[in-house]
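Geometric and topological summary
Letter by letter, the chains look like this.
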Amino acid sequence: MKRILVIATGGTIACREGKEGLVPELTLEQLLNYVPQIRKHCELGAVQLMNLDSSNMQPCHWLEIAGRIAEEYEKYDGFVVLHGTDTMAYTAAALSYLLQEGPKPVVLTGAQKPIDQDISDARGNVIQSILYACDDRASDVNFVFNGEVIAGTRGRKIRTKSFNAFSSMDFPHKAVIRDNHVVHYIDRKNAGPLKVYDRLDEKIFALRLIPGLDAGILEELGKRYHGIILEGFGIGGFPSLEEMGFREGITRLLDQGVVVVATTQVPLEGSDLDVYEVGRLFKKDERLLEAYNMTLEAIATKLMWILPQTREWKEIHRLFYKEINFDIWR
């Protein structure tokens, strides 16, 4: 039997109703008592690493999760992280960069309803995550949610209440789980060994443009952040009239050594700054990075991973466009 380590971090799956609303209170032992059948599929290890509402999850917690997996890596065949859904996409993307090329699967799951409620998606998600973690063809960091397996850099929460809360953005599902069987669509098994990273730069900011936004905000952001993600319009449009000041403001940021990434605020199909003049004018500066079809969660956490390693432009460029766990396709 496979040996699987379950790591609990809190989230809705572990919540109970309190005076101020749902609060993560259930212990890992209590959680696992709701799904006793998983012990038929594997030898189970369990650790309660933290008990947070995922809105409180921070980069330091990602490092703690990654460090614990690295510490236990040789003892187990796979890992299941129980996590709140609200920031699960950020954690999955961060773990994709912190834990690279390992042959063993790391699976994140959670629930839209607490596991102790009569109608809940929690039990099914936990069971299916264990099944995927036990699968011989599984590797890398993934979501398992509502019977779908999503690459860790490709998931996004698109519904706040429904059980099919997550979608794989601009990329196929890696697998589905039906009737306790894993059906693979994308079959790429890492050969290893595991590469572990233990530093992140938290000074990353994402700015969604709206009509009327004052470009002066760029100067203020440049004083506080090492990387800025600009969410433009459509396929890659940014305010280009000279009097608006955006081209000058972005150039000033780049001259200061701030890493600037252009992306789109449209959820699907990605950016292409070469299509319209309002994109090409900005892309003339080769220092400006373009995210294409990366998710915002992947862009942000990839910059957090890159910047502690280097501040040299060519190396930042190389690492940003290096495909990791299916994060970018150009």
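Since we're looking at a predicted model, the values are computed, not measured.

Time to look at the overall build of the chain. The secondary structure content of the chain amounts to nine helices and 18 strands. The C-alpha atoms of the chain give a radius of gyration of 21 Å, which matches the 20 Å a tight globule of 330 residues would have. Across the 330 residues of the chain, 55% fall into the buried class. Restricting to contacts in the chain with at least 6 residues of sequence separation, those with at least 24 account for 71%. Per element, the accessible surface of the chain, about 14,900 Å² overall, is 48% carbon and sulfur. Separation between the mean location of the 39 positive side-chain charges and that of the 46 negative ones in the chain comes to 3 Å.

All told, the structure shown has zero disulfides when counted by the stated rule. We note that C42 lacks a disulfide partner, and the nearest cysteine sulfur, in C134, lies 4.5 Å from it.

Glancing now at the sheet that holds strand β16 (residues 227-232). In spatial order, the strands read β15-β16-β17-β18; together these four strands make up an open sheet with parallel pairing. Edge positions in the sheet fall to β15 (204-208) and β18 (289-290), since each has one partner strand and no second. With five bridges joining them, β15 and β16 adopt parallel strand pairing. Within β16, the residue paired with R208 across the bridge is E231.

Within the largest apolar cluster, 54 residues are counted, with the highest numbers of intra-cluster contacts made by I69 and F320. Element by element, the count of residues in this core is highest for helix α8 (residues 296-306), at eight residues. Excluding anything up to four places from it in sequence, I69 contacts I7, F79, V81, L99 and V106. In terms of nonpolar packing, the next biggest core, distinct from the first, is built from 27 residues, I13, A111, Y132 and A138 among them.

Next up on the list: the packing of helix α2 (residues 59-72) against helix α3 (residues 88-98). It is at 10 Å that the axes of α2 and α3 come closest, and there the two elements cross at 55°. Taken together, the axis directions place α2 and α3 in an arrangement best described as oblique. Relative to α3, the crossing made by α2 is right-handed. Along its contact with α2, which presents W62, L63, I65 and A66, the element α3 presents Y90, T91, A94, L95 and L98. When its residues are assigned to classes, the contact of α2 with α3 shows eight nonpolar, one polar and no charged.

Turning our eyes to something else, we now look at the packing of aromatic side chains. Tallied over the entire structure, the rule returns twelve aromatic pairs. For the ring pair Y73 and F79, a centre distance of 5.7 Å and an interplane angle of 15° mean the geometry is stacked. For Y73, a relative accessible area of 6% gives the class buried. Aromatic rings pair up to connect Y73, Y76 and F79 into one cluster.

The rules we used
- Residues numbered from 1 in each chain as written.
- Predicted model: local features only at pLDDT ≥ 70, side-chain atom pairs only at ≥ 80, totals over all residues.
- Heavy atoms only, no water.
- Helix = DSSP H or I, 4+ residues; strand = E, 2+ residues; numbered from the N terminus.
- Rg over C-alpha atoms; globule rule 2.2 N^0.38 Å.
- Buried < 20%, exposed > 50% of the residue type's maximum accessible area, 1.4 Å probe, protein only.
- Contact = heavy atoms within 4.5 Å.
- Areas by Shrake-Rupley, 256 points an atom, 1.4 Å probe, with all protein chains shown as cover.
- Lys, Arg positive; Asp, Glu negative; His and termini not counted.
- Charge placed at Lys NZ, Arg CZ, Asp CG, Glu CD.
- Disulfide = S-S within 2.5 Å.
- Pairing = 2+ DSSP bridges.
- Core = buried A, V, L, I, M, F, W, Y, C linked by side-chain atoms within 4.5 Å.
- Axes fitted to C-alpha atoms, helices over the stretch in contact; angles between N-to-C directions.
- Parallel < 35°, antiparallel > 145°, perpendicular 65-115°, else oblique.
- Left-handed = near helix turned anticlockwise from the far one by under 90°.
- Nonpolar A, V, L, I, M, F, W, Y, C, P; charged D, E, K, R; others polar.
- Phe/Tyr/Trp six-rings, centres within 6.5 Å; stacked < 30°, edge-to-face > 60°.

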